[in-house]
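Summary of the model geometry
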Amino acid sequence: MSTEAVSSPRLARLHPGARKAGSASVSRAEAAAQARRLVPGELLDGCRQALQRVAAPGVRSYGITSSIRGEGRTSVALGFALVEWLDHERRTVVVDLDFEAPELHRRLDLPDSPGISELVEGHNNVEDFLQRAVGDVWLLSAGPSLDGDAPRCLSRLAQSTVMSQLVEWADTVVFDLPPILGTPTGLEAARLCGTPVMVIRAGVTPLARIKEATDALPAPPPVIVNGVSSSVPRWLRRMMGDVQ
Amino acid sequence: MRFLETFFRHRIVAILPVVLGLAVAAGYVLVQPRQYTSTASLWVDLTVPGNAAASAAEQYEDPSTYLQSQIQELLATRSFALAVGQSGGLISYLQDHPQSGASGLAAIPGLGALSSSGSAGSVDDRVAADLPNMVSVVTAGPQVLNLVVSGPSPQLAAAVARALIREFTSQVVTAAQSDDQTSVSYYGQQVAQAQLSLQQAQQQLTEYLAAHPKVPADGTGDATATELYEAVQIDQTSYQSLLSQYQQAQLDLANAKSQSGFEVMDAPAAGGTAVSITKKLVEAGAAGLLIGLLVSALIVTGLTWADRTARDAADVRRVLGLEVAASIEQIPGGTVTSTPAGET
């Protein structure tokens, strides 16, 4: 992953301690091209539409969650972060709070360390633990494996100043949360972040499980439905009046 | 639409029963022994009981239809089937070729013992069970009836067809003779009684006329003589009528052997034609296809019913009442197309 000395005015605010994964300089256009290669453009479009709907004045953080694993949560979290930077030039940190199965660093081809599990062990600055993903998108990874100590780590995170540091340092923070059901930290993690957004994989997640997950949240979250592509041929759907 | 979605999502599971149905049907036909048919045409000329209407237009059953039902009824009886089997050589053929008569499931290797029509039963049982399936009785018109007999060889099919006609004729004649014999006996008794009654009336009239010589023979002018004369006339009429019926019954009995009610127009020939395997394949294929489609529909219906997942944004809104911010066709990989939340 290459780093850049982008001529964006926002980058002037970069904390000097921000970790840089490389030394080669790239233009903003090149960084944007890199960003678009990370996720399909159509996914970015979906995230863009979702952000237009869920964005509100003062909202600076989004928590992407789901009922169960395998619903496309990490992809959407990454999409949100990239859209925030590509469209609005916002410095964005994408935070991997899925301590049990961290995935974001792999998607971004970055090491899992340093990460939150190390950050919460002492009085450290968040900036020292960030890794540049692309452009002005930064990763705060979950850190090395916690061996079942995820609840304690999350609890320490909640008690620390990490969250406030993140909000202060970045324009937007996107959390890749663990799923609500089947993980010990899913619900607690969702409560930590400002605006939870739930990803539902069509044709996979049972409605009862979705309801169970959404009922556990303080308020019904907005939803991104993933995998709605129809298996029925288009001509047949047209004949049935299902498509224009 | 949800049903179609399930079908296309599980297209292999949905199509498999149809493919299996066709394959099983084709296999079933191909393992069946070769069949030959022999056809006979009968001209039916009989009076159908209950068809005493004034004109043919008012008749409710054609003679050929009546005969068809009679043959089919008889074919369902064991004694008639055995008589035909014996006379037509089917029984001896099956004794000589114990496996060749196997058809249906019994023709499938390994399934013979499981089938009731297999070689496990006696030859008589097999004949009684299989003969009705070997014979098709088809009306070609009001007066013409076709008998189509299938068999493992053209000679056997023709022999069974001839035996069928022969045994049916025998049954019809025997039944007619029995009826006619009953009529003869009945009218014979009636004629004897009428004759006795006539003789008594004539004797009374004769005695009265002898005692009263002035009274004319027809009793004119004498009330008693007139009454006796009229009694003689009535008994005479009754006697003549019964005698006529008695003679008709005797005539019917004498002619019963030649009154089967039909004539053989085209006798069954030994050069029967082989049953077309293509036609059988098409018929069995259609049946297999139908059954496969039915099973497929049941499977897809079951899968649709059991599917409790959210299929699209509309499901999420309707069932869960959640706000859908966006719909994404598929992530990750593949063709990914997002659509506005309101359009799904």
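A brief report on the enclosed structure follows.

Rules used throughout
Residues numbered from 1 in each chain as written. Chains lettered and ligands numbered in written order. Predicted model: local features only at pLDDT ≥ 70, side-chain atom pairs only at ≥ 80, totals over all residues. Helix = DSSP H or I, 4+ residues; strand = E, 2+ residues; numbered from the N terminus. Buried ≥ 20, exposed ≤ 12 C-beta atoms within 10 Å, placed from the backbone. Contact = placed C-beta atoms within 7 Å. Nonpolar A, V, L, I, M, F, W, Y, C, P; charged D, E, K, R; others polar. Pairing = 2+ DSSP bridges. Axes fitted to C-alpha atoms, helices over the stretch in contact; angles between N-to-C directions. Parallel < 35°, antiparallel > 145°, perpendicular 65-115°, else oblique.

Secondary structure assignment for chain B yields ten helices and seven strands. Counting across all 344 residues of chain B, residues that qualify as buried make up 30%. Taking the contacts inside chain B whose residues are at least 6 apart along the sequence as the reference set, 72% of them involve residues at least 24 apart.

On to the overall build of chain A, then. When helices and strands are tallied, chain A shows ten helices and seven strands. Among the 244 residues that make up chain A, the fraction classed as buried is 47%. Put simply, of all contacts in chain A between residues at least 6 apart along the chain, 78% involve residues at least 24 apart.

Okay, the interface of chain A and chain B next. If you look at the interface, chain A gives 38 residues, while chain B gives 31 residues. Counting residues per element, the side of chain A that touches chain B draws most heavily on helix 2 (residues 41-54) of chain A, which supplies eight residues. Grouping the constituent residues of the side of chain A that touches chain B by class yields 21 nonpolar, twelve polar and five charged. Where strand 7 (residues 223-226) of chain A and strand 6 (residues 324-328) of chain B come together, four bridges link them in parallel fashion. The residue bridging Val225 of chain A from the neighbouring strand is Ser327 of chain B, located in strand 6 of chain B.

A few words now on the environment of Val184 of chain B. All names here are of chain B. One can find Val184 in helix 7 (residues 154-211). Placed 64 residues apart in sequence, Val184 and Gln248 show a C-alpha to C-alpha distance of 8.5 Å. In contact with Val184, not counting residues within four places along its chain, are Ala249, Gln250 and Leu253.

Time to look at the environment of Leu38 of chain A. Its place among the elements puts Leu38 of chain A in helix 1 (residues 28-38). In this structure, Leu38 of chain A is in contact with Leu78, Leu82 and Val134 of chain A, ignoring residues within four places of it in sequence.

What follows covers the packing of helix 1 (residues 2-9) of chain B against helix 9 (residues 277-306) of chain B. Residue and element names in this part refer to chain B. In contact at an axis separation of 9 Å, helix 1 and helix 9 are set at 110° when each is read in the N-to-C sense. Our classification of the angle between helix 1 and helix 9 gives roughly perpendicular. From helix 1, Arg2, Phe3, Thr6 and Phe7 reach across to helix 9, where they touch Val300, Leu303 and Thr304. Its residues placed into classes, the contact of helix 1 with helix 9 shows four nonpolar, two polar and one charged.

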